[in-house]
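Now for the letters of each chain:
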Amino acid sequence: MCAVTFSTWGGTYTATPARRAQPRDEAELGELVAKAAAEGLRVRAVGAGHSFTDAAVTDGLLLSLDHLSGLESVERTPGGALVTVGAGTRLHELNALLGSWGLAMRNLGDIDRQSVAGAISTGTHGTGARLGGLATQVRGVRVVVADGTVRSVSDADAPGSPERALFEVARLGLGSVGILSAVTLDVVPAYLLRSVERVRPWDEVVGGIDALFDDHHRTDAYWFPGTDRMLTWTHDLVDDAGTAVYEASRRGPSGLLRRGGHAARSLLDEEVLANGALGAIMQVATAAPRTVPRLNALSAAVLGDRTHVAPSDRVMVTRRRVRFVEMEYALPREALPGVLRELAAWFAASGEPVPFPVEVRCTAPDDVWLSTARGRASAYVAVHQYHRMPYRAYFDAAEEIFVAAGGRPHWGKLHTRTAADLAAHYPLDDVARVRAAVDPHGVFRNDYTDRVLGTP
Ligand SMILES: Cc1cc2nc3c(=O)[nH]c(=O)nc-3n(C[C@H](O)[C@H](O)[C@H](O)COP(=O)(O)OP(=O)(O)OC[C@H]3O[C@@H](n4cnc5c(N)ncnc54)[C@H](O)[C@@H]3O)c2cc1C
């Protein structure tokens, strides 16, 4: 154990914890938490450090759950399976493990580098009008609370009971009630998705965004600021006939499986988000911000129409090698077109150089206490900026538009909201009661939980 500085993926925060530790198992995790609490040290866990906020930052004990990783159990259900995994399991490892059992996640976000615990704790979501965020797929958790004991809670606990309330804050609560050691997920049989990328006029996409969301299993849209086009990226389930064609296409004339026989990745992924060329574009944009409108027009121009079919995780997940900073807000769905028009007006008026696309997604309403989609069908707007370019003016302007439209900030992405602002959106008094009951001395607090959840 030694003091080592930790930095978030986007370079937004660093921390020098007093101690770091990687427990080998749940028993050691419990001992570490109890010992730190007895010494008066605060405790946080870090997953992959992919939050842009200071959610995982501490000057106390920083735990990595990398050893609490992998599949614990698989229980088949009529709709798929309940799988229990170590909380430190990375999503890409989870997808591979599920694949080997013929299973898959119902939905994923844009990348698969995060840990399961880190992803659910900040309300990580993908897209799909009938799909919820990752925390909606959690059926139970094991959580190590401040006295070092392990509590096992789930959605089978009676509504209104202390156990059920603990489950709610443990499955999405920024690690504010304890350290998750295991997570039980509701997963489905493996499936294919047909991905269709189309470049369409901006007005057509924004004007028809509701139908676009409702007509597809998953819908994503990307907009390079200053251009009048949008890339829509829709994913739909493939029927049995389509699956048979896909399987046949992966086999050579001999009937043997081709090596690397998956269809190509999406053009957006290959050419824009993951391509080394994007890094070069960002360097030009940083050195000469005035070139950004032409660079964006070029980026939008390389995108064309493309269709491909692949296993769900390969379609949903993109690679993000170029570092950026990000803010994302969940909006009531009906507010989305107005918000995008206001953003467009701000880009036109300010001339702000932004070489990264704005991303638009949606999710179904859910009932998870701290979910950004709690109680309402939601549209998400994410603004990004290259990590070496100024972002304050852009994010401040975007946040003003989002807040005025009733937006809720993503817990893992940059924002300036406080518990006082967020109390209108979430049952923060109930959350405070759960925290006070299991963590009376505030072992799992940090500056971020104080700011956004308040001090119980
Ligand atoms: C390139 C990139 C792409 C992204 N794409 C998406 C996306 O598509 N959709 C989306 O919604 N978000 C997205 N995010 C945000 C990201 O999913 C979240 O910030 C997520 O929390 C990161 O997971 P992590 O494992 O890195 O967690 P960390 O950032 O390390 O931690 C997040 C929180 O979880 C807590 N935590 C971690 N482990 C535990 C544990 N075992 N027990 C209790 N608490 C714990 C931490 O203390 C902290 O509060 C993206 C981020 C990046 C950098």
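Analysis parameters
- Residues numbered from 1 in each chain as written.
- Predicted model: local features only at pLDDT ≥ 70, side-chain atom pairs only at ≥ 80, totals over all residues.
- Heavy atoms only, no water.
- Core = buried A, V, L, I, M, F, W, Y, C linked by side-chain atoms within 4.5 Å.
- Buried < 20%, exposed > 50% of the residue type's maximum accessible area, 1.4 Å probe, protein only.
- Domains from an automatic or database assignment.
- Pairing = 2+ DSSP bridges.
- Helix = DSSP H or I, 4+ residues; strand = E, 2+ residues; numbered from the N terminus.
- Axes fitted to C-alpha atoms, helices over the stretch in contact; angles between N-to-C directions.
- Contact = heavy atoms within 4.5 Å.
- Near = heavy atom within 4 Å.
- Polar contact = N/O pair within 3.5 Å; in protein donor to acceptor, adjacent residues only side chain to side chain.
- Areas by Shrake-Rupley, 256 points an atom, 1.4 Å probe, with all protein chains shown as cover.
- Nonpolar A, V, L, I, M, F, W, Y, C, P; charged D, E, K, R; others polar.
- Expected span 1.5 Å × (residues − 1).
- Lys, Arg positive; Asp, Glu negative; His and termini not counted.
- Salt bridge = Lys/Arg side-chain N within 4 Å of Asp/Glu carboxyl O.
- Buried area = accessible area lost by both parts, 1.4 Å probe.
- UniProt positions renumbered as here; feature names shortened; annotations may be inferred.
- Parallel < 35°, antiparallel > 145°, perpendicular 65-115°, else oblique.

J.: Summarise the nonpolar core; cite the residues concerned and give the values.
T.: Counting 56 residues, the largest nonpolar core has Leu185 and Trp411 as its most contacted members. Domain assignment of the residues forming this core places at least three in each of domain 2 (71-189) and domain 3 (192-409). Ala129, Val205, Met230 and Val325 belong to the second largest nonpolar core, which has 46 residues in total.

J.: Give a detailed account of the sheet that holds strand β4 (residues 43-46), specifying residues and quantitative values.
T.: With parallel pairing, the three strands of this open sheet are ordered in space as β3-β5-β4. Unpaired on one side and paired on the other, β3 (19-21) and β4 mark the two borders of the sheet. Strand after strand, the sheet turns through a mean of 25° between neighbouring axes, direction not considered. Where β3 meets strand β5 (residues 61-64), three bridges bridge the pair, whose relative direction is parallel. Counted as the bridge partner of arginine 20 is leucine 62 from β5. Strands in contact with helix α1 (residues 26-39) are β3, β4 and β5; relative to β5, the strand with the most contacts, it is inclined by about 170°.

J.: Can you tell me about the site of the ligand, naming the residues and giving the values?
T.: The environment of the ligand is formed by 36 residues, the closest being Ala45, Gly47, His50, Ser51 and Thr122. Within the side chain of glutamine 114, a nitrogen or oxygen atom sits 2.8 Å from an oxygen atom of the ligand. Arginine 361 places a side-chain nitrogen or oxygen 2.8 Å from an oxygen atom of the ligand. Summarising the interface, the protein chains cover 99% of the accessible area of the ligand, which totals 970 Å² for the free molecule. Elements with a contribution of two residues or more to the shell around the ligand: β4, α3 (116-121) and β11 (179-189). The dominant element in the shell around the ligand, judged by the number of residues it contributes, is α3, at four residues. Classifying every residue of the shell around the ligand by side-chain character gives 15 nonpolar, 16 polar and five charged.

J.: Just give me the short version of α1, but keep the residues and values in it.
T.: The first and last C-alpha atoms of α1 sit 20 Å apart over 14 residues, in line with the 20 Å expected at 1.5 Å per residue. At its buried positions, α1 is contacted by β3, β4, β5, β9 (138-144) and β11. You can read the cap of α1 off the contacts: a side-chain oxygen lies 3.3 Å from the backbone nitrogen of alanine 27, and it is on aspartate 25. Directly beyond the C-terminal end of α1, a positive phi value near 80° is found at glycine 40.

J.: So, the sheet that holds strand β17 (residues 358-363): which residues are in play, and what are the values?
T.: With antiparallel pairing, the eight strands of this open sheet are ordered in space as β15-β12-β14-β13-β17-β18-β16-β19. Looking at the sheet topology across the chains shown, the edges are occupied by β15 (306-311) and β19 (408-409). Sheet topology places strand β13 (residues 218-223) next to strand β14 (residues 229-237); five bridges connect them, and they run antiparallel. Bridge pairing in β14 links arginine 218 to histidine 235. Packed onto the sheet, helix α12 (residues 336-350) meets β13, β14, β16 (324-332), β17 and β18 (378-386) and runs at close to 20° relative to β18. Helix α13 (residues 392-404) rests against β16, β17 and β18 of the sheet, and its axis sits at about 10° to β16.

J.: Lay out the side chain of arginine 44 in plain terms, naming residues and giving numbers.
T.: Position of arginine 44 relative to the elements: it lies in strand β4. At 7.5 Å, aspartate 439 is the nearest oppositely charged side chain to arginine 44, a buried residue that forms no salt bridge. A polar contact of 2.8 Å, which involves the side chain of arginine 44, links it to the backbone oxygen of alanine 55. Within the structure, arginine 44 has its side chain in polar contact with the backbone oxygen of leucine 174 (distance 2.5 Å).

J.: Got a sec to walk through the domain arrangement of the protein chain? Specific residues and values, please.
T.: Per the domain assignment, the segments making up the protein chain are domain 1 (6-64), domain 2 (71-189) and domain 3 (192-409). Domain 1 puts four residues into the contact, and the matching count from domain 3 is seven residues. At the boundary of domain 1 with domain 3, total buried surface from both sides reaches about 500 Å², with 61% on carbon and sulfur atoms. If you sort the residues of domain 1 by the area they bury against domain 3, Trp9, Gly10 and Phe52 come out on top, with a joint share of 90%. Scanning the region where domain 1 abuts domain 3 turns up zero salt bridges. Here domain 1 is connected to domain 3 by one residue pair in polar contact (both at pLDDT 80 or more).

J.: Which residues make up the UniProt feature "domain: FAD-binding PCMH-type" (unreviewed entry) in the protein chain, and what are the values?
T.: Mapped onto this numbering, the UniProt entry annotates "domain: FAD-binding PCMH-type" (unreviewed entry) at residues 13-190. Along residues 13-190 the backbone is 22% helical and 29% strand, and the end-to-end C-alpha distance reaches 37 Å.

J.: Could you give me a rundown of the packing of helix α4 (residues 162-171) against helix α15 (residues 428-438), with the residues and numbers involved?
T.: The geometry of α4 relative to α15 is characterised by a closest axis approach of 10 Å and an angle of 100° between their N-to-C directions. The angle between α4 and α15 falls in the class roughly perpendicular. Facing α4, whose interface residues are Ala165, Leu166 and Val169, α15 presents Val431, Val434 and Val438. Across the contact of α4 with α15, the residue classes tally to six nonpolar, no polar and no charged.

J.: Please give an account of the environment of aspartate 421 that cites residues and values.
T.: With respect to the secondary-structure elements, aspartate 421 resides in helix α14 (residues 419-422). On the basis of relative accessibility, which here comes to 32%, the residue aspartate 421 falls in the partly exposed class. Linking aspartate 421 and valine 403, residues 18 residues apart in sequence, is a C-alpha distance of 9.6 Å. In this structure the side chain of aspartate 421 is engaged in a polar contact, spanning 2.8 Å, whose partner is the backbone nitrogen of threonine 418.

J.: An account of the environment of valine 292 is needed here, citing residue identities and associated values.
T.: With respect to the element layout, valine 292 can be found in helix α10 (residues 292-302). Taking the C-alpha atoms as reference, valine 292 lies 50 Å from glutamate 26; in sequence the two are 266 residues apart. Excluding residues that lie within four positions of it along the chain, valine 292 makes contacts with Ala285, Pro353, Val354 and Pro355.

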